[in-house]
Amino acid sequence: MSFASSPPSNMTAQGITAPAIHTTTRATSYAATHAATAGVIGPLIAPQYRQFRLSHFRLKRRLLPLLASLLLMLVSAAPLYAEAQTAIPAMDWATRPLFSPSQPAFLGQRSPQNTGRLRFPAESEEFKQQVKAQHARLTPHQQRIQRHLLRQRHTIEMIYRELDKRQLPRQLVLLPMLESTFNPLAVSPAKAAGLWQLMPATAKRFGLSVTPERDDRFDVSHSTQAALDYLTFLYRKFHQDLNLTLAAYNAGEGRVSRAQSSDKQRFSQLRLPAETVNYVHKFHALLQLVDVAELATHRPYSSHPIAGLLAPQRNTVDAHETRNAEEIQDTQILTTLFAKRTVINMKPISPLIPVISPDA
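As a starting point, this report considers the structure included with it.

1. Remarks on the packing of aromatic side chains
Piece 1. As enumerated under the stated definition, the model contains three aromatic pairs in all.
Piece 2. Relative to Tyr230, the ring of Phe206 has its centre 5.3 Å away and its plane inclined at 50 degrees; by these criteria the two rings are tilted. With Phe206 in the loop between helix H6 (200-205) and helix H7 (220-237) and Tyr230 in helix H7, this residue pair connects regions lying 24 residues apart in the sequence.
Piece 3. On the accessibility criterion, Tyr230 (4% relative accessible area) is buried.
Piece 4. Put simply, the rings of Phe206, Tyr230 and Tyr249 touch in pairs and so form one group of aromatic residues.
Piece 5. Over the face of the ring belonging to Tyr160 we find Arg170, whose NZ or CZ atom lies 4.5 Å from the ring centre.
Piece 6. The ring of Phe233 has Arg205 lying over it, and the distance from NZ or CZ to the ring centre is 4.8 Å.

2. Here's the deal with the packing of helix H2 (residues 125-138) against helix H10 (residues 274-289)
Piece 1. Orientation of H2 relative to H10, taken along the N-to-C sense of each, is 60 degrees, at an axis distance of 8 Å. One element, H2, and the other, H10, form an angle in the oblique class. The interaxial crossing formed by H2 with H10 has right-handed handedness. Across the interface between the two elements, Phe127, Gln130, Val131, Gln134, His135, Arg137 and Leu138 of H2 pack against Asn278, Val280, His281, Lys282, His284, Ala285, Leu286, Gln288 and Leu289 of H10.

What counts, and where the lines are drawn
Residues numbered from 1 in each chain as written. Predicted model: local features only at pLDDT ≥ 70, side-chain atom pairs only at ≥ 80, totals over all residues. Heavy atoms only, no water. Phe/Tyr/Trp six-rings, centres within 6.5 Å; stacked < 30°, edge-to-face > 60°. Helix = DSSP H or I, 4+ residues; strand = E, 2+ residues; numbered from the N terminus. Buried < 20%, exposed > 50% of the residue type's maximum accessible area, 1.4 Å probe, protein only. Lys NZ or Arg CZ within 6 Å of the ring centre and 35° of its normal. Axes fitted to C-alpha atoms, helices over the stretch in contact; angles between N-to-C directions. Parallel < 35°, antiparallel > 145°, perpendicular 65-115°, else oblique. Left-handed = near helix turned anticlockwise from the far one by under 90°. Contact = heavy atoms within 4.5 Å.

What follows is the structure in structure tokens.
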């Protein structure tokens, strides 16, 4: 018996198995193919690849210093913001100055603080004195008016968009303050309702549904569309005279038209209800208090994402309760301040849309 083992059947004389030979052959073939492909494609893509790497490198060189500078600014702003909050603890969105430091001009002049196309014919000295009296009556409540308007900023932004769409003066955004104190559920003794205090006949005239089941006057969007359509009609009818437009909105276009004559065209020359006269005076007084341009662009500082991160934490529950109590008090006082004193008799007004007889 021989102890010398014979090589397995799958071994060659050199000691390499048959599968290993095939593997080596494939690897050699792949390397040769890869080298040949690289020799053809490499020179084609090399310039583009180098250009890509170079552009990437340059972009990083430019962005990294900018990012570092931005981070440094944020870090530097944190102590300044904390110091400002400590120095003026009550300064937030509700107390940011909204009113013009100087009273804007009116009655035929353009105010730099108030934007919009306005036409105020020269009125009497008595008209100016009445506006000053209303201004003195409203001035003690200017901070309360400011807070209330800022609470309604979403509705005000929507009204601004609709005013611009119709090319109406932006000052008309203050009209709901006189009508309902921005209360969309307000109802007057004369059955006017909603944010704009539309009468049922006027609401139906401009496409709103007024039924026991559905009253669109209480819908902010629908009532705004109808009210501004009505104001557009009045503004054109009275040749862009804002005083006559306001008077017609309050007392009816028929009453204002009948009060006019060939020698009496200006608002102060017309015999109108005392409530309508005070209504126009009060609008001008409010217009002197509120900076309409600032109201249009006002954004609370706390809404900025960076400011929100840097702002000190407060007791949100107590702050919410305080704001609710303050809002209720402000609404009650302003509702009394701007409430209509008398109900205008609308019966003598001729129909808004004359009815044509079939026999005519």
